[in-house]
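Now for the letters of each chain:
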Amino acid sequence: MTVSIRQVGPCFAGEVDGIDMTKPLTQSDIEAIHAGMDAYAVLVFHNQDIDDAQQLAFTESLGELEHSIGAGLRKPDEYRLPTQFADVSNLDKENKVYGREDRRRLFAIGNRLWHSDSSFKPVPSKYSLLHARAVPSTGGNTEFADMRTAYEALDNQTKAEIEDMICAHSQIFSRKSVGFELFDEEERIRMAPVRQRLVRTHPSTGRKSLFLSSHAGEIEGVPQPEAMLLLKDLTEHATQREFVYSHKWRLHDLVMWDNRRTMHRARPFPEHEPRDMRRTTVVGDGPTAEQIAA
Ligand code: OGA
Ligand code: MN
């Protein structure tokens, strides 16, 4: 079967036909997916009834896996999924929905803030692949914003002003912005800030984009309120509706996005309903800025 892609978003995002993830990919499938990612940045694959092993195999055919261990608040004995997965569900180890006040839930719903995956790591993620194993009856969309088109729409003065800015990113910053500060000492050390450029260049297309994320909480050399106001202004600009694709999930959808040129966020849904979403991630190409030795 040949791969075909139909654009579904305003300036990006495509729906793919001709891929069956229960079977190994051919070399030409792999090339078509990478080319599709460079062209659309978000790809939607419907009706992929796959298990964990098949999701891992599909992901590994596109690049090296990023392991999610150490990114959330689950302790090692609380993992529901293999450590190659980011567990984006609202479920505990026994597949029970978290209680409303559960610290792990309150941390996890921070992904309802606009972000780019692993921008809090020295090497941020390349692709994320999110598979729907259980979807709520209503709500729970994932929204994506095109950070390349958003960058290109900035005026020249703003482009020049932000060109060489470096931001500090940490999950502590994003959670603090919604009033969550329940971190223990081990987590505070693990979540120490990393440096990221505010404007990054995509390695395969050579195009620039805004590297925003709610994990960004400081800009080097900029007074704090001024830095936060600039980040809020840029985020408001970049997430206006004309740059956003909203994905309404169907069971067994797999959506794949390029974190180097998009932001995304989850939307709310009925809190007592299970939403089982499993993410695999392809490691990034390298740091966007030099890191300061710990
Ligand atoms: C993610 C994420 C959003 C969602 O998987 O990285 O942010 O809608 N998911 O679950
Ligand atoms: Mn995410």
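Residues numbered from 1 in each chain as written. Chains lettered and ligands numbered in written order. Predicted model: local features only at pLDDT ≥ 70, side-chain atom pairs only at ≥ 80, totals over all residues. Heavy atoms only, no water.

Peer 1: Could you give an account of the overall build of the protein, with specific residues and numbers?
Peer 2: For the protein, the count of helices and strands is 8 helices and 15 strands. The C-alpha radius of gyration of the protein comes to 18 Å, within 12% of the 19 Å expected for a compact globule of 294 residues. If one aligns the C-alpha atoms of the protein with their principal axes, the spans along those axes are about 50 × 40 × 35 Å. Taken over 294 residues, the protein has a buried fraction of 54%. Considering only residue pairs separated by 6 or more positions, the protein has 81% of its internal contacts joining residues 24 or more positions apart. Total accessible area on the protein is roughly 13400 Å²; 51% of this is exposed by carbon and sulfur atoms. Here the protein contributes 37 positive and 45 negative side-chain charges, whose respective centroids are spaced 3 Å apart. (Helix = DSSP H or I, 4+ residues; strand = E, 2+ residues; numbered from the N terminus. Rg over C-alpha atoms; globule rule 2.2 N^0.38 Å. Buried < 20%, exposed > 50% of the residue type's maximum accessible area, 1.4 Å probe, protein only. Contact = heavy atoms within 4.5 Å. Areas by Shrake-Rupley, 256 points an atom, 1.4 Å probe, with all protein chains shown as cover. Lys, Arg positive; Asp, Glu negative; His and termini not counted. Charge placed at Lys NZ, Arg CZ, Asp CG, Glu CD.)

Peer 1: Explain the sheet that holds strand 11 (residues 216-219) to me, and be specific about the residues and the numbers.
Peer 2: In spatial order, the strands read 8-7-11; together these 3 strands make up an open sheet with antiparallel pairing. Either end of the sheet is taken by a strand with one partner, and the two such strands are strand 8 (194-197) and strand 11. Strand-to-strand twist in this sheet, taken as the mean axis angle between neighbours without regard to direction, amounts to 40°. Sheet topology note: the strand 7 (residues 166-169)/strand 8 ladder contains 4 bridges and is antiparallel. When the sheet's bridge partners are listed, His169 is paired in strand 8 with Val194. (Pairing = 2+ DSSP bridges. Axes fitted to C-alpha atoms, helices over the stretch in contact; angles between N-to-C directions.)

Peer 1: Please provide a residue-by-residue account of the coordination of the manganese ion (ligand 2), values included.
Peer 2: For the manganese ion (ligand 2), the protein coordination sphere consists of His115 (NE2), Asp117 (OD) and His264 (NE2), at 2.1 to 2.2 Å. Between consecutive donors of the manganese ion (ligand 2), the numbers of intervening residues give the motif H-x1-D-x146-H. Of this pair, Asp117 sits in the loop between helix 3 (103-108) and strand 5 (127-134) while His264 sits in strand 14 (residues 262-266), and the two are 147 residues apart along the sequence. Considered together, Asp117 and His264 belong to a single accessibility category, that of buried residues. (Donors = N, O, S within 2.8 Å, 3.2 Å for Na, K, Ca; no water.)

Peer 1: Any chance you could break down the site of ligand 1 for me, citing the residues and the numbers?
Peer 2: Taken together, Val88, Asn111, His115, Asp117, Leu130, Thr142, Trp257, His264, Ala266, Arg275 and Arg279 are the residues near ligand 1. A distance of 3.1 Å separates an oxygen atom of ligand 1 from a polar atom in the side chain of His115. Contact between ligand 1 and Thr142: an oxygen atom at 2.5 Å from a side-chain N or O atom of the residue. The site holding ligand 1 turns out to be the largest cavity. (Near = heavy atom within 4 Å. Polar contact = N/O pair within 3.5 Å; in protein donor to acceptor, adjacent residues only side chain to side chain. 1 Å grid on protein atoms, 1.4 Å probe; cavity = no way out; pocket = protein on both sides within 12 Å on 5 of 7 lines; lining within 4 Å. Sits in = over half its atoms within 2 Å of the grid points.)

Peer 1: Report on the pattern of salt bridges, specifying residues and quantitative values.
Peer 2: The full count for this structure, using the stated rule, is 26 salt bridges. Between Asp117 and Arg279 there is a salt bridge whose closest N-O contact spans 3.4 Å. One end of the pair, Asp117, is in the loop between helix 3 and strand 5; the other, Arg279, is in strand 15 (residues 276-281), and 162 residues separate them in sequence. Across the pair Arg278 and Asp276 runs a salt bridge whose closest N-O atoms are separated by 2.9 Å. Judged by its relative accessible area of 12%, Arg278 is buried. The network of salt bridges with shared partners includes Asp52, Arg74, Arg80, Asp87, Arg133, Asp276 and Arg278. (Salt bridge = Lys/Arg side-chain N within 4 Å of Asp/Glu carboxyl O.)

Peer 1: Tell me what's going on with empty space enclosed by the protein, and back it up with residues and numbers.
Peer 2: All told, the structure shown has 1 cavity of 30 Å³ or more when counted by the stated rule. If you go around the largest cavity, you meet 39 residues; those closest to its centre are Asp87, Val88, Ala108, Asn111 and Arg175. Every element with two or more residues in the lining of the largest cavity is listed here: strand 4 (86-87), helix 3, helix 6 (171-176) and strand 14. Ranked by residue count, the leading element in the lining of the largest cavity is helix 3, at 4 residues. (Points joined across faces, edges and corners; volume = space filled by probe spheres on them.)

Peer 1: Quick rundown of the layout of surface pockets? Include the residues and the values.
Peer 2: Considering only enclosed or pocket space, the largest pocket measures out at about 420 Å³ in volume. Considering the residues around the largest pocket, the lining is formed by 17 residues, among which Ser177, Ser214, Ala216, Met228 and Lys232 are closest to the centre. Contributing elements (two or more residues each) for the lining of the largest pocket: helix 6, strand 11 and helix 8 (224-238). Class assignment of the residues belonging to the lining of the largest pocket gives a composition of 8 nonpolar, 6 polar and 3 charged. The volume enclosed by the second largest pocket comes to roughly 240 Å³. Together, 13 residues line the second largest pocket, and Pro193, Val194, Arg195, Gln291 and Ile292 are the ones closest to its centre. Of all the elements in the fold, those that place two or more residues in the lining of the second largest pocket are strand 8 and strand 11. Of the residues contributing to the lining of the second largest pocket, the split by class is 9 nonpolar, 1 polar and 3 charged. (Nonpolar A, V, L, I, M, F, W, Y, C, P; charged D, E, K, R; others polar.)

Peer 1: How would you explain the pairing of strand 1 (residues 4-7) if you had to name every residue and give the values?
Peer 2: Pairing geometry for strand 1 and strand 2 (residues 14-17), over 4 bridges, is antiparallel. When the sheet's bridge partners are listed, Arg6 is paired in strand 2 with Glu15. Once strand 1 ends, the chain turns through 6 residues before running back antiparallel as strand 2, passing Ala13 with a positive phi of about 75°.

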